[in-house]
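Spelled out, the chains give:
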Amino acid sequence: MLLSNTFKCCISAIVSAIALYYAFDVYRVGWFFAILSFVILFNAIGKTKGIFQRMSCVLLYLIVFVTLQYSFLLHVSIRHEQLAFLMLFIVVAVYLAPMLFWIIFPLSYPVESFACIFLISEYVFAKSAIGNQMFQLGIAFVDFGLLKWGYAFVGPWGLSAVGILLSYLLYKLLFSSCFSVFVAVVFILCIASHVELYSERANESRSICVSVCCLDNVSEIESVLFETDCSADYVVLPEAMLSVPEDALAINPFMTQLYRRSRLYGTTYVSGFYTYSNGKTNNAAVVSNYEIEFLRSKKILVPFAEYIPCEKLIKKSDFIMSHLPSPLMRGVGSDCFNDGVACFAPLICFEALFSNYIAHLCRVGAEVFFVSSSNLLIDSEHIEKISHKIMQMNSLVTRRSFARSSEHGISCIVSDGGAVEVKPSCSKAMITCNVILNDELTLYSSYDIIIDSLYYILNLLMLFLVSLKSKQRALVIN
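What comes next is a walk through the structure. All values derive from a computational prediction rather than experimental measurement. (Residues numbered from 1 in each chain as written. Predicted model: local features only at pLDDT ≥ 70, side-chain atom pairs only at ≥ 80, totals over all residues. Heavy atoms only, no water.)

1. Notes on the sheet that holds strand β11 (residues 412-414)
The line we're drawing: A pair of strands is treated as paired once DSSP finds two or more bridges between them. Helix and strand labels come from DSSP, where a helix needs a run of H or I of at least four residues and a strand needs a run of E of at least two; each type is numbered from the N terminus. By definition, residues are in contact when any of their heavy atoms lie within 4.5 Å. Here an angle of 0 to 180 degrees is reported between the N-to-C directions of two axes, which are lines fitted to C-alpha atoms, with helices fitted over the stretch in contact.
With mixed pairing, the five strands of this open sheet are ordered in space as β7-β8-β9-β10-β11. Strands with a single pairing partner mark the edges of an open sheet, and in this sheet they are β7 (337-338) and β11. Pairing of β7 with strand β8 (residues 343-348) involves two bridges; the strand directions are antiparallel. Bridge pairing links F337 to F344 in β8. With respect to the sheet, helix α14 (residues 355-363) is in contact with β8, β9 (368-374) and β10 (401-407), its orientation differing from that of β8 by roughly 155°. Contacts between helix α15 (residues 381-398) and the sheet are confined to β10 and β11, with β10 contributing the most and set at about 165° to the helix.

2. Regarding the pairing of strand β1 (residues 207-213)
Threshold: Relative accessible area decides the class of each residue, using a 1.4 Å probe on protein chains only: under 20% of the type maximum gives buried, over 50% gives exposed, and in between gives partly exposed.
With respect to burial, β1 is a largely interior element, six of its seven residues being buried. With seven bridges joining them, β1 and strand β12 (residues 430-436) adopt antiparallel strand pairing. Following the sheet pairing, I208 is matched in β12 by V435. Pairing geometry for β1 and strand β2 (residues 234-236), over three bridges, is parallel. Considered in β2, the bridge of V212 is made with V236.

3. A short note on the packing of aromatic side chains
This is how it is decided: Pairing of aromatic rings covers Phe, Tyr and the six-membered ring of Trp, with a centre-to-centre limit of 6.5 Å; geometry is then stacked below 30 degrees between planes, edge-to-face above 60, and tilted otherwise. Only when the NZ atom of a Lys or the CZ atom of an Arg is both within 6 Å of the ring centre and within 35 degrees of the ring normal do we say a charge sits over the ring.
By the definition in use, this model includes 35 aromatic pairs. Aromatic pair F337 and F344: ring centres 5.5 Å apart, planes at 65°, arrangement edge-to-face. The class of F337 is buried, set by a relative accessible area of 7%. Of the residues examined, F344 reaches a relative accessible area of 0% and is grouped as buried. Geometry around W102 places R54 over its ring, the cationic atom sitting 4.7 Å from the centre. If you follow R330 out to its NZ or CZ, it ends over the ring of Y307, 4.9 Å from the centre.

4. Observations concerning the packing of helix α2 (residues 30-46) against helix α8 (residues 151-174)
Filter applied, for reference: Each angle gets one of four labels, with under 35 degrees taken as roughly parallel, over 145 as roughly antiparallel, 65 to 115 as roughly perpendicular, and the rest as oblique. Put simply, a crossing is left-handed when the front helix is turned counterclockwise from the back one by less than a right angle, and right-handed when it is turned clockwise. For this scheme, ten residues count as nonpolar: Ala, Val, Leu, Ile, Met, Phe, Trp, Tyr, Cys and Pro. Four count as charged, namely Asp, Glu, Lys and Arg, and the remainder, Gly too, count as polar.
Following both chains from N to C, one finds α2 and α8 inclined at 55°, their axes separated by 8 Å at the closest point. Overall, the two elements α2 and α8 adopt an arrangement that is oblique. For the pair α2 and α8, the sense of crossing is right-handed. When α2 is examined against α8, the residues A34, I35, F38, V39, F42, N43 and G46 are found in contact with a partner set consisting of G163, I164, L166, S167, Y168, L170, Y171 and L174. Residue classes in the contact of α2 with α8 are distributed as eleven nonpolar, four polar and no charged.

Below you can see the structure in the form of structure tokens.
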């Protein structure tokens, strides 16, 4: 009987992990898969008995979900499979660490305590040295119309909590005598997902025309850029288009052509380059027009790919060090650029995934964001979809527009209200539309650190109250 129950819990954990994976992979109904995932997981957890079953259920859930999310590592690291598996192990370990409290110390309210622990775990992972927001539940609700307005006030973490609360409500209704109420709530949620309540948009009198490049190689880009007229104020190009010595950037033939086009049409070009000097490499965003050239090196680097996290510890392992590429230089100096038309932040790929960093850039003056990205190395459609959803989420959080050019990925323009102005499936060489500028700060943009801290403290407080309630219940039973 015990083995039968353990088997059922493990199967439920696997199904839950797969459902959560699709919550990040599909559009419009991602929220449905997210809620479905946790309803299944809560049911499995509610039936677990003892440390072994809890550990089996949660560990299997994490392993399946993290492996699916990071499956691109298995073909990116085709020559270093051990390193790929090591990274998967590290991610699972970081996520699992807060859950050990829940596993080791049985509570009378396992579902409620796990809900708190999960929210704490995703927060800890996102804030860790190797973390990011790719696993954050709040991302799945960017297409839920009625909840979109909430991002600007409580940020992505608040929407994670809403997702868990909705899942818990439906779990309680489904596995009780209130099945008719459960069906009614699901019906209401489906309707609410199509009801859009936007706060007032930015002043539409301040707008710019932006073009985003959707091509995948330099020769095609050159033919389109240099053989057609350009009416846009800004043109956004992909990441790492060329690799040139930093002191020779101004005389590079491609940059010279951009300079000439800028003089002819008054256009500012934002592109990604690898620049190197003194044996060190930068992943940089280059802003170029006929009056000035601005180079901004990437500040948020990809762990294990562009920098070594926990360097003192990692350097003690010859195996890990032998498989890591040479780290890049971390950028310093200004993040935003004002050319008199707009104040914008030129970001490189990974940097656009962090809501706190985006909020910081808004506080220092960014009115719009231009993102140069590349999917050539990773070659993962799933990761591109997550990046696209996070960009939508950050546009809702900050009420800023984003223009993203991605090589072999999703190139698009997202408005300040989270609407995709150009669909990800667009196959044009260049996509162009007007983008509204906004210099106003949302509540989350202004106080993101305080809101995040309060969120974390409230989750710890909720976990403490559940633990206290469990202890009181145990005393009553005894």
